[in-house]
Structures are given as structure tokens and as C-alpha cells.
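# Inside the fold
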Amino acid sequence: MSRLDTIRSGFRNSGVGRWFYGRERNEQWIIAGLAALVLLAVVWVAVWKPVSDWQVIEKQRQENAQRLLDWMRANEQAARSAAASRPRGQRPNSVSVIDRAASAHDLTLKRLQPESNGVVSVILQQQSFNQIVSWVSQLEENNGISVERASFDSEDAPGYVNAQLRLN
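Okay, so let's go over this structure. (Residues numbered from 1 in each chain as written. Predicted model: local features only at pLDDT ≥ 70, side-chain atom pairs only at ≥ 80, totals over all residues. Heavy atoms only, no water.)

## Section: the packing of helix α3 (residues 25–85) against helix α5 (residues 129–143)
Which entries qualify depends on this criterion: Axes, fitted as lines to C-alpha atoms, cover a helix only where it is in contact. Angles between the N-to-C directions of the axes lie from 0 to 180 degrees. By the criteria applied, helices consist of DSSP H or I runs no shorter than four residues and strands consist of E runs no shorter than two, each listed in order from the N terminus. An angle below 35 degrees is treated as roughly parallel, one above 145 as roughly antiparallel, one from 65 to 115 as roughly perpendicular, and anything else as oblique. Any pair of residues with heavy atoms lying within 4.5 Å of one another is described as a contacting pair. Here the term charged refers only to Asp, Glu, Lys and Arg, the term nonpolar to Ala, Val, Leu, Ile, Met, Phe, Trp, Tyr, Cys and Pro, and the term polar to all other amino acids, Gly among them.
Direction vectors running N to C along α3 and α5 enclose 5 degrees, while the axes themselves pass 11 Å from each other. For the element pair α3 / α5, the angle class is roughly parallel. Residues N64, R67, L68, W71, A78, A79 and A82 of α3 form the contact with α5, whose participating residues are F129, N130, V133, V136, S137 and E140. A class-by-class count of the residues in the contact of α3 with α5 yields eight nonpolar, three polar and two charged.

Dropping the structure here:
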């Protein structure tokens, strides 16, 4: 006896199997069709939909990261030349400039900490990635404040990130 025959025999001898085989042939087809639909719905809800949603979110994260990388590469030379041309000691108050620019871009800074070497550490939580990029771009273009280091972590909401930046 094959494994399939064993399973079929076990089902036929169970309470559900006796109830199923006690129905007319047309009813059996309807019940089997409904069971198949329920099984497909469970597979879709438990497997297919979560995998599909994850794929969309990860593709969006990859596209956001690629846009940031492209922007950083496009502005690398301008940032280097702005940093080289900035006279030492004639720097505006970076903390107030960074804070005002963040407010103008509707960003809430979780932490803003100046360091002794002139670098300012900034932490943002649950903020729009696009707004952060726009804010950093504006700081670079208008104030000569460049990104020394950036770290981004994803959030549950698509397009939102947690960021740690070192601005100089």
C-alpha cells in the first residue's frame, strides 16, 4: 500500500471522512471545491501576501539607498571643494544653522550634539528619507555643511528611516 493510499484510508475512517463520504457525489464536489478555496486563501494570506509586501518594501529601500548614493556621488566634488575653500575659524554657528534648516524641512531632531573638532552629531528617528536628503542637500548648498558620515536604518513605514549623521 502506498503512502497516498494510507492517507486516503486514514481520512476515510476518520469522523470527517465518514461525514464527507456519507454525502451525495455532487455535495462532495462542492465541499472539495470549498476546501480548495479555503486552502488557497490561507496560503495567500499566510505566505504569498507577506512575501509580496516584503519584496515591495525591500525594493523601495534599495531604490532609496541607490538615490542617496547617486546624490552623494554627484555632489562629492562640490562637497570637497566647499570644504577645501572654507576658511578656518570663520565658520557660522553650525548648530543653529542645522537646527533652523531641519525645522524648515519639517524634521524633528532627536539629538543634536556639537563635538570639540567642529563636527556635529545628529540623530533623527522616524523621519522621511526624502526630507532628510533634501535637508542635507540644502545644508551643503547654502551653508557649506557637509556629511562626514551617515547611517540609515529602515522603519516599518515605507519611506521613513532612522538616521545618524555627522555633519562638518
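## Description of the packing of helix α4 (residues 94–104) against α5
Two quantities define a packed helix pair, namely the angle between the axes and the distance from one axis to the other. Stated precisely, the cut-off is as follows: When the near helix sits turned anticlockwise from the far one by under a right angle, the crossing is termed left-handed; a clockwise turn instead gives a right-handed crossing.
Running from amino to carboxyl end, α4 crosses α5 at an angle of 130 degrees, the nearest separation of the two axes being 10 Å. Here α5 runs oblique to α4, going by the angle between their axes. When you trace α4 past α5, the crossing you get is right-handed. Of the residues in α5, those touching α4 at V97, I98, A101 and A102 are W135, Q138, L139 and N143.

## Points about α3
In plain terms, the rule: The length a helix should cover is 1.5 Å for every residue beyond the first. One axis fitted to the seven residues ending at a residue, another fitted to the seven starting there: the angle between these axes is the bend at that residue. Each residue's exposure class comes from its accessible area (1.4 Å probe, protein chains only) as a fraction of the maximum for that residue type: buried when under 20%, exposed when over 50%, partly exposed otherwise.
Compared with the 90 Å implied by 1.5 Å per residue over 61 residues, the 87 Å span of α3 between its first and last C-alpha is a close match. Helix geometry: α3 is bent most strongly at N75, by close to 45 degrees. Burial in α3 covers these residues: Q28, N64, L68 and A79. Tucked inside the fold, the buried residues of α3 contact α2 (15–21), α5 and β3 (147–154).

## So, the nonpolar core
What counts, and what does not: We define a nonpolar core as any set of buried Ala, Val, Leu, Ile, Met, Phe, Trp, Tyr and Cys residues linked to one another through side-chain atoms lying within 4.5 Å.
Residues I98, V122, L124, I132 and W135 are the most contacted members of the largest nonpolar core, which totals 21 residues. Of all the elements in the fold, those that place two or more residues in this core are α4, β2 (120–128), α5 and β4 (160–167). When neighbours within four sequence positions are excluded, I98 is seen to be in contact with L109, L112, V120, V122, W135, L139, I145 and L167.

## Description of the side chain of Q127
Basically, it comes down to this: Throughout this description, a polar contact denotes any pair of N or O atoms lying within 3.5 Å of each other; where both atoms belong to protein, one of them has to be capable of donating a hydrogen while the other can accept it, and for residues adjacent in sequence the pair is counted only when both atoms sit in side chains.
Take Q127: it is sitting in strand β2. Judged by relative accessible area, which is 9%, Q127 ranks as buried. Within the structure, Q127 has its side chain in polar contact with the backbone nitrogen of T108 (distance 3.3 Å). Separated by 2.9 Å, the side chain of Q127 and the backbone oxygen of Q125 make a polar contact.

## Side note on the packing of aromatic side chains
Put simply, the rule is: Two aromatic rings from Phe, Tyr or Trp, using only the six-membered ring of Trp, form a pair when their centres are within 6.5 Å; if the ring planes differ by under 30 degrees the pair is stacked, by over 60 it is edge-to-face, and anything between is tilted. A ring has a charge above it when a Lys NZ or an Arg CZ is no more than 6 Å from the ring centre and no more than 35 degrees off the ring normal.
Summed over all chains, the structure comprises four aromatic pairs. For the pair F20 and Y21, a centre-to-centre distance of 5.1 Å together with 80 degrees between the ring planes defines the contact as edge-to-face. Overall, Y21 belongs to the partly exposed group, its relative accessible area being 30%. Ring pairs connect the aromatic residues F11, F20 and Y21, which therefore count as one cluster. Directly above the ring of Y21 sits R12, whose terminal nitrogen or CZ lies 4.1 Å from the centroid.

## Remarks on the environment of I31
Its place among the elements puts I31 in helix α3. For I31, a relative accessible area of 24% gives the class partly exposed. Sequence-wise, I31 and F20 are 11 residues apart; in three dimensions their C-alpha atoms are separated by 8.1 Å.

Read these as layout, nothing more, since geometry by itself doesn't imply function.
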